Amino acid sequence: MKSYKPVWVAVFVLAVAMFLVLPSISWAADDAAVLYKTKCAACHGAEGMANTPMAKKQNITSFAADKVQKAKIADIEDCILNGGKEKKASHVFAAKGVSKEDAGKLATYVKSLGKK
């Protein structure tokens, strides 16, 4: 009689690896969405379309605008952390505890909102 133990061990190891890796991929997107809702949505709107009273008052650009969609992730990240080229004081989130890693996630999320 053949032993199927090596096959079951391989299946078990693969299942554990998938259990550990796959959720972390979706958690990154969830983290960006939560950060966006807490740090950005009040001005930029829940969908990033600049349809809030604050956005209209401050002339905030929609994330669907070419200027945002054509921007490099690094430039959006700099805008989030340091205010970007325009040195927007409201965007200096590095001083408000947002890490470079989180800014990268937010930058990617911002571009995805504009594509909807």
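Look a little higher up for the structure.
Starting afresh in each chain, residues are numbered from 1 along the sequence in its written order. Reporting in this predicted model follows two pLDDT cut-offs: at least 70 for local features of residues, and 80 or more for side-chain atom pairs to be given and counted; totals over whole chains, interfaces and linings ignore these cut-offs and use all residues. To obtain the side-chain values, all non-hydrogen atoms of the structure were included, while hydrogens and water were left out.

Draft legend 1. A look at the overall build of the protein. From N to C terminus, the protein includes six helices and zero strands. Labels follow the DSSP assignment, with helices taken as runs of H or I lasting at least four residues and strands as runs of E lasting at least two, numbered in each case from the N terminus. In sequence order, the secondary structure elements of the protein are arranged as α-α-α-α-α-α. For the protein, with 116 residues in total, the buried portion stands at 31%. In the protein, the proportion of contacts linking residues at least 24 apart, taken out of those at least 6 apart, comes to 44%. Every accessible area reported is derived by Shrake-Rupley at a probe size of 1.4 Å, with residue values counting cover from the shown protein chains alone. Accessible area of the protein: about 8100 Å², with a carbon and sulfur share of 65%. Residue burial is assigned from relative accessible area. The probe radius is 1.4 Å, only protein chains are included, and a residue is buried under 20% of its type maximum, exposed over 50%, and partly exposed in between. We call two residues contacting when some pair of their heavy atoms lies within 4.5 Å.

Draft legend 2. Examining the pattern of salt bridges more closely. Salt bridges, as used here, are contacts in which a Lys or Arg side-chain nitrogen is within 4 Å of a carboxyl oxygen on Asp or Glu. The final tally for this structure, using the stated rule, is five salt bridges. Between Lys 100 and Glu 77 there is a salt bridge whose closest N-O contact spans 2.3 Å. Here Lys 100 is found in helix α6 (residues 100-114), whereas its partner Glu 77 is found in helix α5 (residues 73-82), with 23 residues between them in sequence. Notably, a salt bridge pairs Lys 105 with Asp 102, separated by 4.0 Å at the nearest N-O pair. In this pair, Lys 105 and Asp 102 are both assigned in helix α6, three residues apart and thus about one turn of the helix distant.

Draft legend 3. Seen up close, α5. Among the residues of α5, those classed as buried are Ile 76, Glu 77, Ile 80 and Leu 81. Projected down its long axis, α5 shows its buried positions confined to an angular sector of 130°, all on one face. On its buried face, α5 sits against α4 (66-69) and α6. At the exit of α5 stands Gly 83, carrying a positive phi of roughly 95°. To be clear, the arc concerns the directions from the helix axis to the C-beta atoms.

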